[in-house]
Amino acid sequence: MDRIDKKILNLLQKDNRISNQKLAETVGLSAPACLKRVKKLRESGVIMADVSIVSPQVVGHLINVIVEVEMDRDTLDVYDSFNRQMSACPEVTQCYQVTGEVDFVLVVLVPDMQTYEAFARRELASNAYLRKFRSLISLRREKFRTAIEL
């Protein structure tokens, strides 16, 4: 990846709806050369997806919960099973296996506390390999970025 690829990625991270012509002009390439680079970035997996970021508040998902999870056993099969379980949960927007005091950190987005309680009972409290979990309710989001500094 060279400096032009990085310029392209920085621009696409800000607005992936920019026209190829405008993108090419901004980075100093011809339109076909720019399109070829973007295609290569997509095919190689550097660009994972082209998405629209939806405002949680506008669509009614008002509560953001950070959940720390401690598993009962430190085995790959338990971790893999938990990862699969969380991947299937629409409430879980992010799931990280981490080092330190806990095994996983989840980001859960729900419309209300009743929905979170139902999720916690269904997916967490009922898991036989989960030792304990702690819920941290976000009061407000101070920073949110999807762009990666290049």
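Residues numbered from 1 in each chain as written. Predicted model: local features only at pLDDT ≥ 70, side-chain atom pairs only at ≥ 80, totals over all residues. Heavy atoms only, no water.

### Observations concerning the pairing of strand S2 (residues 92-97)
Move 1: Two strands pair when backbone bridges link them, and S2 and strand S3 (residues 104-110) are joined in this way by 5 bridges, in the antiparallel orientation. When the bridges of S3 are listed, Cys95 appears paired with Leu106.
Move 2: As consecutive antiparallel partners, S2 and S3 are separated by 6 residues, and within that stretch Gly100 has a phi angle of approximately 110°, a positive value. (Pairing = 2+ DSSP bridges. Helix = DSSP H or I, 4+ residues; strand = E, 2+ residues; numbered from the N terminus.)

### Some details on the pattern of salt bridges
Move 1: Per the counting criterion, the structure on display carries 14 salt bridges.
Move 2: Residue Lys132 pairs with Glu70 through a salt bridge whose shortest N-O separation is 4.0 Å. Within this pair, whereas Lys132 is found in strand S4 (residues 130-137), its partner Glu70 is found in strand S1 (residues 63-71), the two being separated by 62 residues in sequence.
Move 3: With relative accessibility at 51%, the residue Lys132 sits in the exposed group.
Move 4: In this structure, the salt-bridge partner of Arg131 is Asp72, at a minimum N-O distance of 3.7 Å. One end of the pair, Arg131, is in strand S4; the other, Asp72, is in the loop between S1 and helix H4 (76-87), and 59 residues separate them in sequence. (Salt bridge = Lys/Arg side-chain N within 4 Å of Asp/Glu carboxyl O. Buried < 20%, exposed > 50% of the residue type's maximum accessible area, 1.4 Å probe, protein only.)

### Quick look at the sheet that holds S2
Move 1: Spatially, 4 strands are ordered S2-S3-S1-S4 in an open sheet, and the strand pairing comes out antiparallel. Either end of the sheet is taken by a strand with one partner, and the two such strands are S2 and S4. Across this sheet, the average inter-strand angle for adjacent strands is 20°, counted without regard to direction. (Axes fitted to C-alpha atoms, helices over the stretch in contact; angles between N-to-C directions.)

### A short note on the packing of helix H1 (residues 3-14) against helix H2 (residues 20-27)
Move 1: Contact geometry for H1 and H2: axes closest at 10 Å, N-to-C directions at 135°. When the axes of H1 and H2 are compared, the pair comes out oblique. H2 is crossed by H1, and the crossing has right-handed handedness. On the side of H1, the interface is formed by Ile4, Lys7, Ile8, Leu11 and Leu12, while H2 contributes Leu23, Thr26 and Val27. (Parallel < 35°, antiparallel > 145°, perpendicular 65-115°, else oblique. Left-handed = near helix turned anticlockwise from the far one by under 90°. Contact = heavy atoms within 4.5 Å.)

### Points about the packing of aromatic side chains
Each aromatic ring pair is characterised by the separation of its centres together with the angle its planes make.
Move 1: According to the stated counting rule, one finds 3 aromatic pairs in the structure shown.
Move 2: Ring centres of Tyr116 and Phe119 lie 6.0 Å apart, and the angle between their planes is 40°; on these two criteria the pair is classed as tilted. With Tyr116 and Phe119 both in helix H5 (residues 113-125), this residue pair falls 3 residues apart, about one helical turn.
Move 3: A relative accessible area of 4% places Tyr116 in the buried class.
Move 4: Within the aromatic cluster, the residues linked to one another by ring pairs are Tyr79, Phe82 and Phe104.
Move 5: Across from the ring centre of Phe144, 4.1 Å away, lies the NZ or CZ of Arg141, which sits over that ring. (Phe/Tyr/Trp six-rings, centres within 6.5 Å; stacked < 30°, edge-to-face > 60°. Lys NZ or Arg CZ within 6 Å of the ring centre and 35° of its normal.)

### Here we look at the nonpolar core
Move 1: Counting residues in hydrophobic clusters, the biggest one holds 20 residues, and the most contacted among them are Phe82, Leu106, Val108, Tyr116 and Leu124.
Move 2: No other element matches the 5 residues that S1 contributes to this core.
Move 3: In this structure Phe82 touches Val69, Met71, Phe104, Leu106, Leu124, Asn127 and Leu130, once residues within four positions along its chain are discounted.
Move 4: In this structure, Ile4, Leu23, Cys34 and Val38 belong to the second largest nonpolar core, which totals 11 residues. (Core = buried A, V, L, I, M, F, W, Y, C linked by side-chain atoms within 4.5 Å.)

### As for the packing of H2 against helix H3 (residues 31-43)
Move 1: The N-to-C vectors of H2 and H3 enclose an angle of 100°; their axes lie 9 Å apart at closest approach. Classed by the angle they form, the pair H2 and H3 counts as roughly perpendicular. Contacts between H2 and H3 involve Asn20, Gln21, Leu23, Ala24 and Val27 from the former and Ala31, Cys34, Leu35 and Val38 from the latter.
Move 2: Grouping the constituent residues of the contact of H2 with H3 by class yields 7 nonpolar, 2 polar and no charged. (Nonpolar A, V, L, I, M, F, W, Y, C, P; charged D, E, K, R; others polar.)

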